[in-house]
There are 2 protein chains.
Amino acid sequence: MEVRRTTVRDMRRSNRSVILTGIYREGPLSRQELTVRTSLSAASVSNLVAELIAEGVVEEAGSVESEGGRPRVLLRVAPTFRYVVGAEVGETRVRVELFDLAMNVLARADHPIATPTPEEVVKHVLEGLSTVIAASGIQSEQVLGLGVAVAGVVEDNAIVDAQTLGWEAVPLARLLAEGTDIPVHVDNGANMLGQAEMWFGAGRGATDAVVALVGSGVGSALVAGGSSYRGARSSAGEWGHMTIVYGGRQCRCGALGCLEAYVGAEGVLDRYRLAGGTADGDEETAFVELLESTTEPATTIVNDTIGYLAAGFANLVNLVNPERIVLGGWAGLLLGEKHLEELRVEVGKHALRRPYAQVSIVLCELGRDAVALGAATLPVVRLLRDGGAVPLPR
Amino acid sequence: MEVRRTTVRDMRRSNRSVILTGIYREGPLSRQELTVRTSLSAASVSNLVAELIAEGVVEEAGSVESEGGRPRVLLRVAPTFRYVVGAEVGETRVRVELFDLAMNVLARADHPIATPTPEEVVKHVLEGLSTVIAASGIQSEQVLGLGVAVAGVVEDNAIVDAQTLGWEAVPLARLLAEGTDIPVHVDNGANMLGQAEMWFGAGRGATDAVVALVGSGVGSALVAGGSSYRGARSSAGEWGHMTIVYGGRQCRCGALGCLEAYVGAEGVLDRYRLAGGTADGDEETAFVELLESTTEPATTIVNDTIGYLAAGFANLVNLVNPERIVLGGWAGLLLGEKHLEELRVEVGKHALRRPYAQVSIVLCELGRDAVALGAATLPVVRLLRDGGAVPLPR
DNA sequence: CTCCCTTCTTCCAGCTCGTGAATTAAGCCG
DNA sequence: CGGCTTAATTCACGAGCTGGAAGAAGGGAG
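Residues numbered from 1 in each chain as written. Chains lettered and ligands numbered in written order. Predicted model: local features only at pLDDT ≥ 70, side-chain atom pairs only at ≥ 80, totals over all residues.

**Description of the protein's contact with DNA strand C**
Item 1. Taken together, 31 residues form the shell around DNA strand C, and within it Ala43, Ser46, Gly69 and Arg70 of chain A together with Ala43 of chain B come nearest.
Item 2. Considering every element that reaches the surface near DNA strand C, the biggest residue donor is helix H1 (residues 8-25) of chain B, with five residues.
Item 3. Residues of the surface near DNA strand C, tallied by class, amount to 10 nonpolar, 13 polar and eight charged. (Near = placed C-beta within 6 Å. Helix = DSSP H or I, 4+ residues; strand = E, 2+ residues; numbered from the N terminus. Nonpolar A, V, L, I, M, F, W, Y, C, P; charged D, E, K, R; others polar.)

Here is the structure:
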């Protein structure tokens, strides 16, 4: 049976969660506003808030005058109640960042890695963890959790498949847990970047959205009804391998005509070369040059890319009916900065009228460094969900 | 604030809902099994069940011997506690069916309609409603609700857009409510067929699935995490207008290369004719003939259709990562009955390895008459959600 | 400076709910 | 008919939320 019972304690937890989430996500709020927004009674709000303050999760933060009467006291989540750490595992480096609960970066550590074996990665993440804790001068007990973002399919905190790293079935959370007492969460990198954009970037306020990431490859994070949608087995969002040109270009996944083969930077540059263009050196530099070129075949290639990307967007618009599509990834941002308006117009040509009219297409706001930030929200999500109940003392 | 408070009454309602849903969806259950499945205490289960029995929603249905002790009494939702009515609004007819809570059909009424204006449809649905109530000899107070399925986008019980009927912004639920006291629910036809398959057909047991419907046109119903996914504004699932051949055939939606233009029966026959085949008369007959033909160009057309459909499925597999895809619609069934295995193989060529390995592709079990059945589940869904609380007396 | 007014916050009695332990019910077996 | 096993119910208890009343905190008028 999928539905769970409710007990009187769930009620408490649930209401603590509602209040804490409200305070965290909608800025400083007064008890008064909380009673209105949660439709709890003033008595209960006061009661719950008192509990949260006593535990140190919430603190009073000044007051705001009311219309002649007693001023309301503003409440916020105490930024230094606990800290969270986010880690981004890339092919060539591991980045670890420590944040307070207001998500201010307090310390950062980068480790280049030569060969991204699980052992190497675990070692560097744990080292990074120690480094940032030491650098920020806090106690390790103060760290609520460590979120790790990896480019690959992550199911139940274990890597199922991470092609770029060459990993398969790596129980990353377990390996990390052997080296630290801090609770570890592992998730997919695209989802984490999406999460960061949804909370702090261009996705704020949306409940049904897609964060589309175009880099050398192409991926996306789906958000449905306010939370990340992962599908039956955690691999939803593989937008890059959607067939868009039946029988078209060969994609590195083996199939023909995938979106990635047309709009991923690698695919774009490849098409450019085939059309007679020259693209040397660093992929990113070459991509910028292509975008800035005003001669053929560059302009055609760029225009075609916009068209293909638009079709990919339109497929999302039709199938998922999001209220917002957030375009990111280094190549996506470069393309979007120059051609967002054309892209919007092209999407309109491929999408159905109604869902197209309901979607807004915008650019990512946080840049690609936000992956660690997104990963660091994992422990925060848990804190909010559990109504501020801190994991048992270790 | 999206999250709602929880009060002591919500707890009761929620637990009633858990128990009632358990009894309804997982066949006759004993109190004993309910305590295990819901993890509620035996005392509470007994208490809640007693309440439900007193209200008449649940009844005892025989007993089953236990291992030497007192036999457990089986519980079921009383099939005749209330009744539900489902209506299917098509272009040429309105079908209304009355069911008991076990979803046995007790009466049926069909009305052909000449021109499907809203007035005409409202009139025939209401007439059908009276007819089935009279024919089954129950009181109209006994009818829990009327579910209406319409081919079009339905938002908040009102038709937003129904191209096949030529409707726009028709407040269908309101119009119907003017003619009856029975609570009215309106929803999209594809979703209702999907709902029927999910509850009673090939989708049973799945929580993340897609019901793909291929008829003259192409549509789908998405099911995410156990319930229908509708997107930001109720138009999710427009799978038919996914671009699959960039710059390809013109679709009736105006765009180029939509899936529907390749695998919808109309599109298939059109491609057949363009390839030199002859397809006369009734669309369905022609389609059957095409499928049965063993000569060129028929076989090529059929093979190509399987390929295109497979690419469409693969796009679903990659993007949504469902555990099951249920193929239906008259053309989909005809095609699937002969070529399901080829289809599965072709999907494997377009989809990513992992999500492909996790999905099972099966055929609809209920036939196209299940739309009214699906619509009739709408009031049942509400009954279960509210824990058996019946709407206020009218 | 004092008093009153307004508004926010807390306190308290009352009610509902689920729980565990004990009790009762129901059937089987010898 | 007693003993045994398992199912269902009863009951006292603690946990939670609520509405109304009381208390607290400012601002402004006199």
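**Concerning the protein's contact with DNA strand D**
Item 1. Near DNA strand D lie 33 residues; those nearest to it are Ala43 and Arg70 of chain A together with Ser46, Gly69 and Arg70 of chain B.
Item 2. Grouping the constituent residues of the surface near DNA strand D by class yields 10 nonpolar, 14 polar and nine charged.

**Some points on the sheet that holds strand E9 (residues 158-162) of chain A**
All names here are of chain A.
Item 1. With antiparallel pairing, the three strands of this open sheet are ordered in space as E8-E9-E10. Strands at the two margins of the open sheet, each flanked by one partner only, are strand E8 (153-155) and strand E10 (167-170). Geometrically, the sheet is characterised by an average inter-axis angle of 20° between neighbouring strands, direction not taken into account.
Item 2. As judged from the three bridges shared by E8 and E9, these two strands associate in the antiparallel manner. (Pairing = 2+ DSSP bridges. Axes fitted to C-alpha atoms, helices over the stretch in contact; angles between N-to-C directions.)

**Looking at the environment of Asp10 of chain B**
Item 1. Structurally, Asp10 of chain B can be placed in helix H1.
Item 2. Taking the number of C-beta atoms within 10 Å as the measure of exposure, Asp10 of chain B has 14 and is therefore partly exposed. (Buried ≥ 20, exposed ≤ 12 C-beta atoms within 10 Å, placed from the backbone.)

**Focus: the UniProt feature "domain: HTH marR-type" (unreviewed entry) in chain A**
Item 1. Here the UniProt feature "domain: HTH marR-type" (unreviewed entry) sits at residues 19-61 of chain A.
Item 2. Across residues 19-61 of chain A, the secondary structure splits into 67% helix and 14% strand, with the terminal C-alpha atoms separated by 16 Å. (UniProt positions renumbered as here; feature names shortened; annotations may be inferred.)

**Notes on the domain arrangement of chain A**
Residues and elements named next belong to chain A.
Item 1. The domain architecture assigned to chain A consists of domain 1 (8-77), domain 2 (83-194 + 370-385) and domain 3 (204-363).
Item 2. A straight line from the C-alpha centre of domain 2 to that of domain 3 covers 28 Å.
Item 3. Listed by partner, the interface residues are seven residues for domain 2 and 12 residues for domain 3.
Item 4. Every element with two or more residues in the side of domain 2 that touches domain 3 is listed here: E8 and helix H6 (189-200). (Domains from an automatic or database assignment. Contact = placed C-beta atoms within 7 Å.)

**Some thoughts on the sheet that holds strand E13 (residues 218-224) of chain A**
Residue and element names in this part refer to chain A.
Item 1. What the five strands build is an open sheet, ordered E14-E13-E12-E15-E16; its pairing is mixed. Unpaired on one side and paired on the other, strand E14 (227-229) and strand E16 (360-363) mark the two borders of the sheet. Neighbour-to-neighbour, the strand axes of this sheet turn through a mean angle of 25°, independent of strand direction.
Item 2. Where strand E12 (residues 209-214) lies against strand E15 (residues 324-328), five bridges are found, and the strand directions are parallel. Counted as the bridge partner of Ala209 is Arg324 from E15.
Item 3. In this fold H6 packs onto E12, E13, E14 and E15, with an angle of close to 50° to the strand it touches most, E13.

**Re the environment of Glu127 of chain A**
All names here are of chain A.
Item 1. Mapped onto the fold, Glu127 is located in helix H4 (residues 118-136).
Item 2. Residue Glu127 is classed as partly exposed on the basis of its 15 C-beta neighbours within 10 Å.
Item 3. For Glu127 and Gly267, which are 140 residues apart along the polypeptide, the C-alpha to C-alpha distance reads 37 Å.

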